[in-house]
Amino acid sequence: MNRRFILAAALLLSPCLTFSQVRYDTFFLKPLPAGGVTSVSGLATVCPGAGLATTAASVTANVATLTMASNPLTAGFVNGRTIQVLNFTGTDTYFNGTFVLTNVSSTQLQYSLTHANNSASTTGGAIQTPTSASGCAPTTTVYSDQALTTAITQPFADDGRGNVGFFAAPGNYYVAYSASGLNPMPLNFVTLPCTGASGCTFTGATTAAKLNNVIRVDGVTYAFSTAGLQAAIAAAIAAGGGTVDARGMGNFNITSEIDVGSHAQIPITLLLPQAATWTVVGITNGSSCALKLFSQSAIMGLGTGGSSAMVIHGGAVTNNLDSLLCTESSPTGNGSYVRAENFQLYNPNNATLVNGALNVQAVFDDSDFRNITVANFGGIGAFVHGLVCCGAAFHGLTVNGNGVAGSKPLVVNLNTVTAEVAFYDTSADFPGTGQSAISVTAINNTRAVRFYNTYISGSQTDNTTADISVASTGGPVDFFGVTCNNSGTSTAHCLDIVSAANVSVHVYGLQQVVGGSSNCINDHFLSVTVPCDSQGNVAEYVLGASNFQQVRLANKLLIAQANPTITSGFNAGTIGASCNGPSSCNVNVGVGTAGSTGVIGLPTSTAGWNCWASNQTRADLVLQTANTTTSATLTNFGTTFAATNWTNSDNIIFSCFAR
């Protein structure tokens, strides 16, 4: 009678504390001839799931030869025993199966295999199956204790009733059982999984779509696609916020706007790959952004804008978007709090980007854009506009137009009631013909834009357009350290201050690289140009009106830019047309009611004004006879040293200094 056995296995995962181990238990039973089952007693052996590894395999004249990575003889392989060959893949799977060994040496195993002569391109392994008196081979180390310190000598006996147990590290194993009366002998493949406390070591690909509030785009639960990434972000939002780990995504196509966060301002952090290109495909509505960053959220790359291979690509020229990265235009509370860093926005094919490659608006306080390279060839690179408030900052921003017509690397237009923004370590390069690398416009009065350590490479096609254009009607617009690098044939100014009312521009340390243009500043407001010195430098240049530009000593006003006015007298005369503030000005005596005095209106001083005056038309004596903190009175003493009426049309020159 063919006697069979019944195998029942139970895998028990006991608490593992900090140890890297799992408990395995099984029991063996066999049927009785009269019915029922009884326990069976024998010996157990445990072998590795991959078997004894091969380094090569071939078949010649219907004999398969496996070249082994270690000695089969010392591993326990015996000629004439049965082996199971496994793990060959692809076109080499014909090596897999159950075979009887025809030869065993210190380096090879051989068995009969009916097949054309061939050599394997993959590798596999071999397990020697058990007999009633001998276990499997090669064996692997298992333990009797949870700490994996006491190895079990193999083969090892059961408990007398067919129960077998041992501890081992998580992994794949074969458990063999040898006992009289069993046919065939059990050889069972088992997997001991990792437990949460076991400190497991993973040697293969491991995926986990969610770990706490970290949602991972794994290519399984969340596909490597626009829809997969959007689904992962949606899952993080549904969880109340979290991190979306897209570092393993690689290259893919952005087929619709990817919203990082939501209008409800649930915080999301998107982690970008170290090296990948995400390319816009088929977005043509002119209003979508490739990525939109919402308040309380962040987009984080791993490299830097300049060296990182993480690129958001504008795709084909037929694409039409708002931008490659934008912030929300109308967030709750009027402003977003966001962060973005370490990636590139790249539009070499001149896809239409309505508001530039980087569109920043309605951001508040500690919002930070760091180490981002923006290259838009044919349009605005970075567009910072609208409500950008209260210390929002750009660090290490690189903007490049590649000299393509229409390229405007950086445009700043903060035409709102509140706007303060700072740029640190900015590099603005290669605008198109007729464009400036940095253009600042419409900064409202008393609202500041400040640049620290700015480098500019001038136009490749235009030798006359200034590198920086400031057309603000307010400000201040401050530059602390500017270097302009233009070609040797260029006459372009580093800074052009466009004529406008009430402009305020402050420059502290400006340089044209020696060998380039010798022109530094062109001030249309004051109708003056400032050449570079022999080293290409301008140490300081301050332009402002009203209370914007003032010279103070010990915190007291000394001189001011604001021109004086005539409060009364001077025979209803007028202030000269080319005054340089109160420090050098003139009055044209009028033809009105005759008098000997005139009152000049002046900016507010600390303690009053000292003025000196002379009549440039005739040898009359003119002296200051009274002053307040906002005025000075001049009296004409003629040639008689007594108060004498002004002579109509005389030209009175005066200089006033505050005290």
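Everything numeric here is computed off the predicted structure, so don't read it as measured data.

1. Quick notes on helix H2 (residues 226-238)
Working step 1: Relative to the 18 Å expected for 13 residues at 1.5 Å per residue, H2 spans 18 Å between its end C-alpha atoms, a close match to the ideal helical length.
Working step 2: Every buried residue belonging to H2 is among Thr226, Gly228, Leu229, Ala232, Ile233 and Ala236, and all of these are buried.
Working step 3: Elements that come into contact with the buried residues of H2 comprise strand E17 (214-216), strand E18 (242-245), strand E19 (252-254), strand E20 (258-260), strand E21 (268-271) and strand E22 (275-280).
Working step 4: One or two steps after H2, the chain reaches Gly240, where phi turns positive at roughly 90°.

2. Structural notes on the sheet that holds strand E50 (residues 574-575)
Working step 1: Read from one edge of the open sheet, four strands run E50-E51-E56-E53, paired in antiparallel fashion. Only two strands of the sheet have a single neighbouring strand rather than two, namely E50 and strand E53 (609-615).

3. Looking at the confidence of the model for the protein
Working step 1: Taken residue by residue, the protein gives an average pLDDT of 88. The fraction at 70 or more is 87%.
Working step 2: Confidence drops under a pLDDT of 50 for residues 1-20, and excluding neighbours within four residues, the segment shows 65 contacts in the predicted structure.
Working step 3: Confidence drops under pLDDT 50 across residues 545-549; counting only partners more than four residues distant or on other chains, this segment forms 16 contacts.

4. Thoughts on the nonpolar core
Working step 1: Counting 82 residues, the largest nonpolar core has Leu229, Trp278, Leu397, Leu410, Phe423, Phe479 and Leu495 as the members making the most contacts within it.
Working step 2: Residue contacts for Leu495: discarding those within four places in its chain leaves Ala466, Ile468, Val470, Phe479, Val505, Val507, Leu510, Cys520, Ile521 and Asn522.

5. As for the state of the cysteines
The term disulfide refers to a covalent linkage connecting the sulfur atoms of a pair of cysteines.
Working step 1: This model, assessed by the stated rule, comprises seven disulfides.
Working step 2: Across a sulfur-sulfur distance of 2.2 Å, Cys47 and Cys136 are joined as a disulfide pair. Between Cys47 and Cys136 the disulfide shows an S-S torsion of about 110°. By sign, it is right-handed. Taken as a pair, Cys47 in strand E4 (residues 43-48) and Cys136 in the loop between strand E11 (125-128) and strand E12 (156-157) lie far apart in primary sequence, 89 residues in all.
Working step 3: Judged by its relative accessible area of 0%, Cys47 is buried.
Working step 4: For Cys136, a relative accessible area of 4% translates into the label buried.
Working step 5: The side chain of Cys484 participates in a disulfide bridge whose partner is Cys494; the two sulfur atoms lie 1.9 Å from each other. Judged by the sign of its S-S torsion, about 55°, the bond between Cys484 and Cys494 is right-handed. Taken together, the positions of Cys484 in strand E41 (residues 475-485) and Cys494 in the loop between E41 and strand E42 (495-497) put the pair ten residues apart, joining distant regions of the chain.
Working step 6: The exposure class of Cys484 is buried, given its relative accessible area of 0%.

6. Topic: the side chain of Ser407
Working step 1: With respect to the helices and strands, Ser407 occurs in the loop between strand E34 (398-400) and strand E35 (408-413).
Working step 2: Taking relative accessible area as the criterion, Ser407 reaches 0% and is therefore assigned buried.
Working step 3: One polar contact links the side chain of Ser407 to the main-chain amide nitrogen of Gly378, over a distance of 2.8 Å.
Working step 4: Sequence-distant contacts of Ser407, defined by excluding residues within four places in its chain, comprise Asn376, Phe377, Gly378, Gly379, Gly401, Phe430, Pro431, Gly432 and Gln435.

7. Examining the environment of Gly261
Working step 1: Residue placement: Gly261 occurs in the loop between E20 and E21.
Working step 2: The class for Gly261 is buried, based on a relative accessible area of 5%.
Working step 3: Along the chain, Gly261 and Leu293 lie 32 residues apart, while their C-alpha atoms are 6.5 Å from each other.
Working step 4: When near neighbours in sequence (up to four residues on either side) are disregarded, Gly261 contacts Ile233, Ile237, Ile266, Ile268, Phe294 and Ser297.

8. Quick look at a nonpolar patch on the surface
Working step 1: Together, Leu621, Leu623 and Phe641 give the surface a local cluster of nonpolar side chains, amounting to about 300 Å² of exposed area.
Working step 2: Along the polypeptide, Leu623 turns up in strand E54 (residues 621-628).
Working step 3: What makes Leu623 partly exposed here is its relative accessible area of 39%.

9. Overview of unusual backbone geometry
Working step 1: In the segment running from Ala137 into Pro138, the intervening peptide bond is cis, with an omega of -5°.
Working step 2: Here Pro138 shows up in the loop between E11 and E12.
Working step 3: A cis amide bond links Gln154 with the next residue in sequence, Pro155, at an omega value of -5°.
Working step 4: Turning to its location among the elements, Pro155 is positioned in the loop between E11 and E12.
Working step 5: Even without being a glycine, Asn350 presents a positive backbone phi close to 65°.
Working step 6: Positive phi is not limited to glycine here, since Cys390 has a value of about 65°.
Working step 7: Within the element layout of this structure, Cys390 appears in the loop between strand E32 (380-385) and strand E33 (392-395).
Working step 8: Overall, the relative accessible area of 37% leaves Cys390 in the partly exposed class.

10. As for the side chain of Ser295
Working step 1: Tracing the chain through its elements places Ser295 in the loop between strand E23 (289-293) and strand E24 (298-300).
Working step 2: Overall, the relative accessible area of 0% leaves Ser295 in the buried class.
Working step 3: Within the local environment of Ser295, its side chain forms a polar contact with the backbone nitrogen of Tyr337, the two atoms lying 3.1 Å apart.
Working step 4: Those residues within four positions of Ser295 in sequence are excluded, and the remaining contacts are Gln265, Gly335, Ser336, Tyr337 and Val338.

Definitions and limits used
Residues numbered from 1 in each chain as written. Predicted model: local features only at pLDDT ≥ 70, side-chain atom pairs only at ≥ 80, totals over all residues. Heavy atoms only, no water. Helix = DSSP H or I, 4+ residues; strand = E, 2+ residues; numbered from the N terminus. Expected span 1.5 Å × (residues − 1). Buried < 20%, exposed > 50% of the residue type's maximum accessible area, 1.4 Å probe, protein only. Contact = heavy atoms within 4.5 Å. Pairing = 2+ DSSP bridges. pLDDT = per-residue confidence, 0-100. Core = buried A, V, L, I, M, F, W, Y, C linked by side-chain atoms within 4.5 Å. Disulfide = S-S within 2.5 Å. Polar contact = N/O pair within 3.5 Å; in protein donor to acceptor, adjacent residues only side chain to side chain. Patch = residues over 30% accessible without salt bridge, like charges linked within 9 Å, V, L, I, M, F, W, Y side chains within 5 Å. Areas by Shrake-Rupley, 256 points an atom, 1.4 Å probe, with all protein chains shown as cover. Salt bridge = Lys/Arg side-chain N within 4 Å of Asp/Glu carboxyl O.

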